[in-house]
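# Notes for the structure review
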Amino acid sequence: MNTAKKKLNIWLVLALAILALFLIFVVYPLGLILYKSILMEDGTISFSYFTKFFSKKFYWSTLINSFKVTIASTLVSAVLGLIMAYLLRSIKIKGSKYLNILIVISYLSPPFIGAYAWVQLLGRNGVITRVLNSVFNTQLGGIYGFAGIVLVFSLQSFPLVYMYVSGALKNLDNSLNEAAESLGCSTVQRVWKVIVPLITPTLLASSLLVFMRVFSDFGTPMLIGEGYKTFPVLLYSQFMGEVSTDAHYAAALCVIVIAITLVMFFLQKYIGNRLTYSMSALKPLEPEKKTGIGNILAHAFVYLVVFVAILPQLTVITTSFLETRGASYTGQFTLQNYKNIIMPKNISTITNTYLFGIAAILIVVVLGVLISYLTVRKKSFLTSIIDTLTMFPYIIPGSVLGISFLYAFNKKPLLLSGTAIIIIISLCIRRMPYTIRSSTAIIGQISPSIEEAAISLGSTEVKSFIKITVPMMMAGVLSGAIMSWITLISELSSSIILYTSKTQTLTVAIYTEVIRSNFGNAAAYSTVLTITSVLSLLLFFKVSGSEDISV
Amino acid sequence: MSVAINIENVVKRFGKETVINGLSLDIKPGEFFTLLGPSGCGKTTLLRMIIGFNSIEGGQIKIDGKVINNIPTNKRNMGMVFQNYAIFPHMSVKNNIAFGLKNRKVPKDEIEKRVDEILKIVKIDHLKDRMPQKMSGGQQQRIALARAIVIHPEVLLMDEPLSNLDAKLRTEMRNAIKQIQQQVGITTVYVTHDQEEALAVSDRIAVMNGGVIQQIDTPKNVYQRPSNTFVSTFIGLSNIMDGVLESNENGKALIRIGNYKFQMNNIKKDCGSNCRVKVSVRPEEFIINKETEEGIPVTVKSSVFLGVTTHYFVETKEGQEIEVIQSSDIGEIIPNGKKVHLKVQVQKINVFSEDGSRSFIDREVRP
């Protein structure tokens, strides 16, 4: 009886500790934001900040702009991703394996790097713009504003739709196709009546992910938007801006973003639940070899899209070897940019990125495994609260999280602002929902009787968790951790708010160097980031033994 | 060395739902005891109460006379074999089997010795250092069995251990299980929904339905002398027909089905007379009468020739469908549409009360 009680307590203590962590680092900062958004400077409670936002066109137009670019980019991404996935799954394309990797790489780099690269190519002074201007003798102003933002977001986000739809097509049994054919369906009818309805849920779910990502991204519109102000830009400038900062107004803006992402989140859940088919293919769709004009067109299209998608990376890598003088290039090749970024006063940017990333990953993996174990195997009222709480960060945009952290942890006893800890915690919180979800899926595949077997053989519950469950989860958790790591090192939106000169990371450095027009250093930093991501991706393929990515 | 298991009035509740309400049963030392019943009858629930994965809400379970209700599973010293084998996929065969011994802090050289010994008993000594992942279901099940008995448990529990195997392996493994159990002599509780499996391996069977034990008996008695119509139809196939017990005097009972009358000498005395009964006849207990008018008149609807036996599907005047099995003669198979009469082998058939809950057969009397 005594031992049974003791065992129970270990899980209970763990659950309470985790609950406390989430109360401090998620609920408290968010609660503070909610409170501040309705708290006036004279201490009264009112909704006047919200009235202020919705009554001035200067403010509410940013929301309209955000919706415009987000909807446009999501549509383009969905169409592009769908076409690419179907082409690569149904037609044999030469080098498809490498194309696949290139598509993933173009997705893994932070969107704002795409923005800055496209400015280099198609901006006022961009390489392509200048060529076009001299050939056609025109005065093109470059791609900024709405078109620029949509271009960057679409190219950056279609890989997400591509990966999801490609995965769904893989699970589509070819006998469905054959059955439809034997029942007298033409090829076009077949695609339209069988394939499209079956992948619609996946398409919608991935489109909504794109929507949420694009909607809350602020780096891209900041760099390429110029006069075209979106909501995250407004939020950032209200909080960090040089002209006017109004903390309470910024809090109100945060609340508006959270409300919107919350609606999107539930919409996604609703659609996802309603439209899911469970399929597993005994005989998957095999890419067929095509000949003639169709084959050439398919190849041309796929290669063109992949080339355009990867172009920002190529641009950045190339420019990292170019000599710069201020914002302009001399045309000489040099390694000076790399020498600059590994100078003793700058090297901490790289080491910080690695240190913070690794620390965050370790915490996220340990907590993620424990939390998923508690919520799957030790179901109780307490663990179901934890389950809900840990999903909160999923709907909180990075900039909102950053702002809420600064509000919450800038005075004793929780004085964390300016430290490395606050950045590591924010990285953990942002990645936690994804890790928990993937760990939960992994635990779900392990039969409870394996642990029961260990217990029946005389092992304690804790021991069987450590010796049996954890080792069995390891492979899956490890590959998930590598993907999390790649995502964390490209994180900008909360780090940009929380960093100080001592805790600068690669993405922050790239962003600030771009803002200062130090394009050489920015390119060198970006290249380091890209190489890290590519190597991690290769490690992922090796560890997971598969070519499928889930983000 | 073997121990008895006494289950006394145990109660199991999941939330507000009572799954088992006051069940009692005694398992003898060294016995191979099977819990048999359809899915959801509570057999696995009871097994998991014995091992300790399910709490006990009332009553008590005693092993070797000691109440174990509050002893945690890992201290109960029971071996369990799971439906999905539950082999640790990241450990070699040897480490899987040694796992329980290591938990018991058995010295290293003895672990080695005992693992080798048990590997020989279950006949997989050639697989000792291999990883279990790509092994067949039969091999995995042998590992699971070895892992459960190597710790010298007081009780061996098996939860549908053969249900994931194909038909041929199932027969092979059930013989292996029975043989190993006899060799080790350990009290065993076996859960299955497969009646043939239960008949093949058990010393005694408890047939369960809806959390209640219907009958505890040897395989032979369970099949031949079921205690109610549930058991008679769940174990094997039985045709249940309405009949009347016309008279019951001097050990001679007269039973009538329709106009077919026959005499039985093993009906209990206290069953009264002129009362409605259920007559339960297995397909092989019929005799087809092609010559005279004696028996239940039926029409042959279809037939299946299966080599050793021939199955006939016939229909009575009232529209009841009946299955009849005859050993195949050299003569012609009875054509569809032909009218014949069915007689019964009075020594073998069973008679139940009208509600099917009680057997009227007096087992003391040899028919």
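Residues numbered from 1 in each chain as written. Chains lettered and ligands numbered in written order. Predicted model: local features only at pLDDT ≥ 70, side-chain atom pairs only at ≥ 80, totals over all residues.

### Notes on the overall build of chain B
What counts here: A run of H or I in DSSP becomes a helix once it reaches four residues, and a run of E becomes a strand once it reaches two; helices and strands are each numbered from the N terminus. Placing a C-beta atom from the backbone of each residue, one calls two residues in contact when those atoms lie within 7 Å.
Of the regular secondary structure elements, chain B holds 8 helices and 20 strands. Along the longest, intermediate and shortest principal axes, the C-alpha atoms of chain B span 80 × 45 × 40 Å. For chain B, the proportion of contacts with a sequence separation of at least 24, taken over those separated by at least 6, is 65%.

### Brief notes about the overall build of chain A
Definition in use: We take the radius of gyration over the C-alpha atoms and set the globule estimate at 2.2 Å times the residue count to the 0.38 power. Exposure is read from a count of other C-beta atoms within 10 Å of each residue's own; the residue is exposed at 12 or fewer, buried at 20 or more and partly exposed in between. C-beta atoms are placed from the backbone.
Per the secondary structure count, chain A includes 23 helices and 2 strands. For chain A, whose C-alpha radius of gyration is 25 Å, the value lies close to the compact-globule estimate of 24 Å for 551 residues. For chain A, the C-alpha atoms occupy an extent of roughly 90 × 75 × 50 Å along the three principal directions. Here chain A, with 551 residues, has 45% of them falling under the buried criterion. Taking the contacts inside chain A whose residues are at least 6 apart along the sequence as the reference set, 79% of them involve residues at least 24 apart.

### Observations concerning unusual backbone geometry
Keep in mind that most residues, glycine aside, have a negative phi and that most peptide bonds are trans. All names here are of chain B. Even without being glycine, Asn9 reaches a positive phi, approximately 55°. By secondary structure assignment, the location of Asn9 is in strand S1 (residues 5-14). C-beta crowding within 10 Å serves as the criterion here: with 11 such atoms nearby, Asn9 is assigned to the exposed category. Within the chain, Glu160 stands out as a residue other than glycine whose phi angle is a positive 45°. In this fold, Glu160 is placed in the loop between strand S7 (155-159) and helix H5 (167-184).

### Looking at the interface of chain A and chain B
Spelled out, the test is: Residues are sorted three ways: Asp, Glu, Lys and Arg are charged, Ala, Val, Leu, Ile, Met, Phe, Trp, Tyr, Cys and Pro are nonpolar, and all the rest, Gly among them, are polar.
In this assembly, 18 residues from chain A lie in contact with 21 residues from chain B. For the side of chain A that touches chain B, the secondary-structure elements that each account for two or more residues are helix H1 (2-38), helix H19 (448-456) and helix H20 (461-489) of chain A. It is H19 of chain A that provides the largest number of residues to the side of chain A that touches chain B, a total of 7 residues. Of the residues contributing to the side of chain A that touches chain B, the split by class is 10 nonpolar, 7 polar and 1 charged.

### A few points about the nonpolar core
Convention followed: Connectivity within a nonpolar core runs through C-beta atoms within 7 Å, and the core itself is a set of buried Ala, Val, Leu, Ile, Met, Phe, Trp, Tyr and Cys residues.
Counting 215 residues, the largest nonpolar core has Val161, Val165, Leu253 and Cys254 of chain A together with Leu157 of chain B as its most contacted members. The greatest single-element share of this core, amounting to 15 residues, is contributed by helix H7 (residues 145-170) of chain A. Val279, Val298, Tyr312 and Val351 of chain B belong to the second largest nonpolar core, which has 22 residues in total.

### Structural notes on the packing of helix H4 (residues 96-108) of chain A against H7 of chain A
Residue and element names in this part refer to chain A. Quick reminder of the rule: Axes here refer to lines fitted to C-alpha atoms; in helices the fit is confined to the stretch in contact. Angles between the N-to-C directions go from 0 to 180 degrees. We call two directions roughly parallel when the angle between them is under 35 degrees, roughly antiparallel when it is over 145, roughly perpendicular when it lies between 65 and 115, and oblique otherwise. What makes a crossing left-handed is the near helix being turned counterclockwise from the far one by less than a right angle; a clockwise turn instead makes it right-handed.
At their nearest, the axes of H4 and H7 sit 8 Å apart, and the two run at 125° to each other. By the angle between their directions, the pair H4 and H7 is classed as oblique. For the pair H4 and H7, the crossing hand works out as left-handed. Counted together, Ile103, Val104, Ser106 and Tyr107 of H4 and Gln156, Pro159, Leu160 and Tyr162 of H7 form the full contact between these two elements. Here the contact of H4 with H7 is built from residues that sort into 6 nonpolar, 2 polar and no charged.

### Considerations on the sheet that holds strand S9 (residues 204-209) of chain B
Residue and element names in this part refer to chain B. Going by this rule: One bridge is not enough; two strands pair if DSSP finds at least two bridges between them.
One open sheet accounts for 6 strands, arranged S6-S7-S8-S3-S9-S10; its pairing is mixed. Either end of the sheet is taken by a strand with one partner, and the two such strands are strand S6 (78-81) and strand S10 (212-217). Taken pair by pair, the neighbouring strands of this sheet meet at an average axis angle of 15°, ignoring direction. Here S9 pairs with S10 via 5 bridges, running antiparallel. Across the sheet, residue Val207 finds its bridge partner in S10, namely Gln215.

### So, the environment of Ile38 of chain A
Residue and element names in this part refer to chain A. Along the chain, Ile38 turns up in helix H1. When the 17 C-beta atoms within 10 Å are taken as the criterion, Ile38 is described as partly exposed. Ile38 sits 29 residues away from Phe67 along the chain, and the two C-alpha atoms are 25 Å apart. Excluding residues that lie within four positions of it along the chain, Ile38 makes contacts with Ile45, Ser46 and Phe47.

### Structural notes on the pairing of strand S8 (residues 187-192) of chain B
Residues and elements named next belong to chain B. Formally: With its strands directed away from the observer, a crossover is right-handed exactly when the path from the first strand over the helix to the second travels clockwise.
For S8, the tally of buried residues reaches 6 of 6 residues, placing the bulk of the element in the interior. Burial along S8 is two-sided: Thr187, Val189 and Val191 facing one way and Thr188, Tyr190 and Thr192 facing the other are all buried. Here strand S3 (residues 32-36) pairs with S8 via 5 bridges, running parallel. Bridge pairing in S8 links Thr34 to Tyr190. In the sheet, S7 pairs with S8 via 5 bridges, with the strands oriented parallel. By the bridge assignment, Leu156 is partnered in S8 with Thr188. Handedness of the S7-H5-S8 crossover: right-handed.

### A word on the packing of helix H3 (residues 57-90) of chain A against helix H9 (residues 187-216) of chain A
Residues and elements named next belong to chain A. In contact at an axis separation of 9 Å, H3 and H9 are set at 140° when each is read in the N-to-C sense. Classified by the angle their axes make, H3 and H9 are oblique. In this structure, H3 meets H9 at a crossing whose hand is right-handed. Two secondary-structure elements touch here, H3 through Ser66, Thr70, Ser73, Thr74, Ser77, Ala78 and Leu82 and H9 through Leu203, Ser207, Val210, Phe211, Val214 and Phe215. Its residues assigned to classes, the contact of H3 with H9 shows 7 nonpolar, 6 polar and no charged.

### Looking at the environment of Ser459 of chain A
Among the secondary structure elements, Ser459 of chain A is positioned in the loop between H19 and H20. Dropping the residues within four chain positions of it, Ser459 of chain A is found in contact with Ala454, Ser464 and Lys467 of chain A together with Asn74 and Asn103 of chain B.

### Notes on the sheet that holds strand S2 (residues 17-27) of chain B
Residues and elements named next belong to chain B. Pairing within the open sheet is antiparallel, and its 4 strands lie in the order S2-S1-S4-S5. Taken across any chain shown, the strands that pair with only one partner, and hence form the sheet edges, are S2 and strand S5 (66-67). Sheet topology places S1 next to S2; 8 bridges connect them, and they run antiparallel. Within S2, the position partnered with Val11 by the bridge is Asn21.

### Re the confidence of the model for chain A
Parts of the model with low pLDDT should not have their predicted coordinates read in detail. For clarity, the threshold we go by: A score between 0 and 100, pLDDT records how confident the predictor is in each residue.
Of all residues in chain A, 95% attain a pLDDT of 70 or more, and the chain-wide mean is 86. Long-range and interchain partners of residues 1-7 of chain A, a stretch whose pLDDT sits below 50, account for 6 contacts in this model, where long-range means more than four residues apart.

### Thoughts on the pairing of strand S17 (residues 309-316) of chain B
All names here are of chain B. Note that strand S16 (residues 296-305) and S17 share 7 bridges and pair antiparallel. Opposite Thr299, over in S17, you have Glu315 as the bridge partner. With antiparallel pairing between neighbouring strands as the criterion, S16 and S17 make up a hairpin whose turn holds 3 residues, including Gly307 at a positive phi of roughly 90°. Of the strand pairs in this sheet, S17 and strand S18 (residues 321-327) are connected by 7 bridges, and their pairing is antiparallel. Among the inter-strand pairings, Glu315 is bridged to a residue of S18, identified as Glu321. A loop of 4 residues connects S17 with S18, the two strands running antiparallel in sequence, and Gly319 in this loop sits at a positive phi of about 95°.

### Concerning helix H2 (residues 93-103) of chain B
Considered for burial, the residues of H2 of chain B that qualify are Val93, Asn96, Ile97, Ala98, Phe99, Gly100 and Leu101 of chain B. For H2 of chain B, the secondary structure elements touched by its buried residues are H19 of chain A together with helix H3 (108-121) and helix H4 (137-149) of chain B. In the stretch just after H2 of chain B, Lys105 of chain B is the one whose phi turns positive, near 55°.

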